[in-house]
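Chain by chain, the residues run as shown.
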Amino acid sequence: TVETLSPDDDLGVWLDQFYALEMAGWKGRAGTALACKDEWSGFFDDALSLNHERGDIFFWRLMGEGKPVAMLFALKRGRRAYLCKIAHDEELSRFSPGALIIFDVMRSFAERGDIDMIDSCAMPDHPMIEHIWRDRISVHDVMVTTGKTPGWLFQLMVAHEQNWRAGRAQIKKIYLKLKALIAGGKK
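Per chain, residues are indexed from 1 in the order of the written sequence. Note on the predicted model: pLDDT of at least 70 is required for a residue's local features to be given, and 80 or more for side-chain atom pairs to be given and counted; whole-chain, interface and lining totals, by contrast, use all residues. Excluded from the side-chain calculation are hydrogens and water; included are all heavy atoms of the structure.

### Considerations on the overall build of the protein chain
Of regular secondary structure, the protein chain possesses 6 helices and 5 strands. Projected onto the principal axes, the alpha-carbon positions of the protein chain cover approximately 60 × 45 × 35 Å. Across the 187 residues in the protein chain, those meeting the buried criterion constitute 31%. Counting contacts in the protein chain only where the partners sit at least 6 residues apart, residues at least 24 apart contribute 54% of the total. Just so you have it, the protein chain exposes about 12,700 Å², and 57% of that area is on carbon and sulfur atoms. Residues scored as charged are limited to Lys and Arg (positive) and Asp and Glu (negative), so that His and the chain ends carry no count. Here the site of a charge means atom NZ of a Lys, CZ of an Arg, CG of an Asp or CD of a Glu. In the protein chain, which carries 25 positive and 26 negative side-chain charges, the distance between the mean positions of the two groups comes to 9 Å. The secondary structure listing takes helices from DSSP runs of H or I that are at least 4 residues long and strands from runs of E that are at least 2 residues long, numbered from the N terminus. The buried label applies to any residue whose accessible area, calculated with a 1.4 Å probe on protein chains only, is under 20% of its type's maximum; exposed applies above 50%, and partly exposed to all values in between. In this analysis, two residues are considered to be in contact whenever any of their non-hydrogen atoms come within 4.5 Å of each other. Here the Shrake-Rupley method, with its probe set to 1.4 Å, supplies the accessible areas, and only the displayed protein chains count as covering residues.

As structure tokens, this is what we get:
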């Protein structure tokens, strides 16, 4: 079953469950789960509490045998929703709990009628989202100088950022291909 956070629900209970679910998976092992650092979870506790008070947070949990097997939260801004974080029980990966909760989220938003756009906030070519959402929005970063930075230094900073992002994208592609090969997937 899928449960949805209501205005009267204790957000702290939902966040604790989310943190535990995320920590139990690869994000916990990699040290990137929100609960890995008090300042990360503290930031999300504060930010999501404010959004909960304003009615601008959506939170779902896919339950199995009385416990969350997938959880996802999103923020609402105007008539747009932004999917922020997702976690799932990796022992149940063969059942695609992350995809199942995404499908329920999409149905939920379609039924609401007050959301015109949903941003998955996923990186381009994300292995799950790419197969679910085909539409794209264009997102750009802009580097701005105060005018006190010499032009040559600013250009060097821009080039460094571009090269870093390109390198990171290549490393991520290689990682995903190796992961698929190890798991016996496609190249």
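### Things to note about the environment of Lys177
Here Lys177 lies in helix H6 (residues 151–182). Overall, Lys177 belongs to the exposed group, its relative accessible area being 52%.

### Remarks on unusual backbone geometry
One non-glycine residue with positive phi stands out, namely Glu65, at about 55 degrees. The topology assignment puts Glu65 in the loop between strand S2 (57–64) and strand S3 (67–77). A residue is classified by how much of its surface remains accessible, and Glu65, at 85% relative accessible area, is exposed. Of note in the backbone geometry, Ser96 takes a positive phi value of approximately 55 degrees without being a glycine. You can see Ser96 is positioned in the loop between strand S4 (80–88) and helix H4 (97–112). Ser96 gets classed as partly exposed once you look at its relative accessible area, which sits at 37%.

### With respect to the nonpolar core
The nonpolar core is taken to be a set of buried Ala, Val, Leu, Ile, Met, Phe, Trp, Tyr and Cys residues, with the residues joined through side-chain atoms within 4.5 Å. Membership of the largest hydrophobic core comes to 18 residues, with the highest contact counts inside it found for Phe58, Trp60, Leu72, Leu83 and Phe109. Examining the composition of this core, we find that 5 residues originate from one element, H4, more than from any other. Once residues lying within four places of it in the same chain are set aside, the contact partners of Leu72 are Phe58, Phe59, Trp60, Leu83, Lys85, Ile86, Ile101, Ile102 and Val105. With 16 residues, the next largest nonpolar core counts Leu5, Met71, Phe73 and Leu75 among its residues.

### Considering the pattern of salt bridges
A carboxyl oxygen of Asp or Glu within 4 Å of a side-chain nitrogen of Lys or Arg is what we treat as a salt bridge. Taken as a whole and assessed by the stated rule, the structure comprises 14 salt bridges. In this structure, Glu3 and Arg61 form a salt bridge, with 2.6 Å as the shortest nitrogen-oxygen distance. On the criterion of sequence distance, the pair formed by Glu3 in strand S1 (residues 2–4) and Arg61 in strand S2 is long-range, its members being 58 residues apart. Put simply, Arg165 and Glu161 hold a salt bridge, and the shortest N to O gap is 2.6 Å. Remark: Glu161 and Arg165 occur in helix H6; sequence separation between them is 4 residues, near one turn of the helix. What makes Arg165 partly exposed here is its relative accessible area of 41%. The network of salt bridges with shared partners includes Glu22, Lys27 and Lys85.

### A closer look at the confidence of the model for the protein chain
Per-residue confidence from the predictor is given as pLDDT, running between 0 and 100. Summary statistics for the protein chain give a mean pLDDT of 89 and a share of 98% for residues scoring 70 or more. Within the protein chain, the lowest mean pLDDT, 75, falls on helix H5 (residues 129–132), and the highest, 96, falls on helix H1 (residues 11–23).

### Here's the deal with the environment of Asp114
Residue position: Asp114 is located in the loop between H4 and strand S5 (117–119). Separated by 97 residues in the primary sequence, Asp114 and Gln17 have C-alpha atoms spaced 28 Å apart. Filtering out sequence-adjacent residues up to four positions away, Asp114 remains in contact with Lys76, Gly78 and Arg79. Distance and chemistry together define a polar contact, namely a pair of N or O atoms within 3.5 Å, with one atom able to donate a hydrogen and the other to accept it when in protein, and with adjacent residues in sequence counting only for side-chain atoms on both sides. A polar side-chain atom of Asp114 sits 3.2 Å from a polar atom in the side chain of Lys76. Here the side chain of Asp114 touches Arg112 through a polar contact of 2.9 Å, side chain to side chain.

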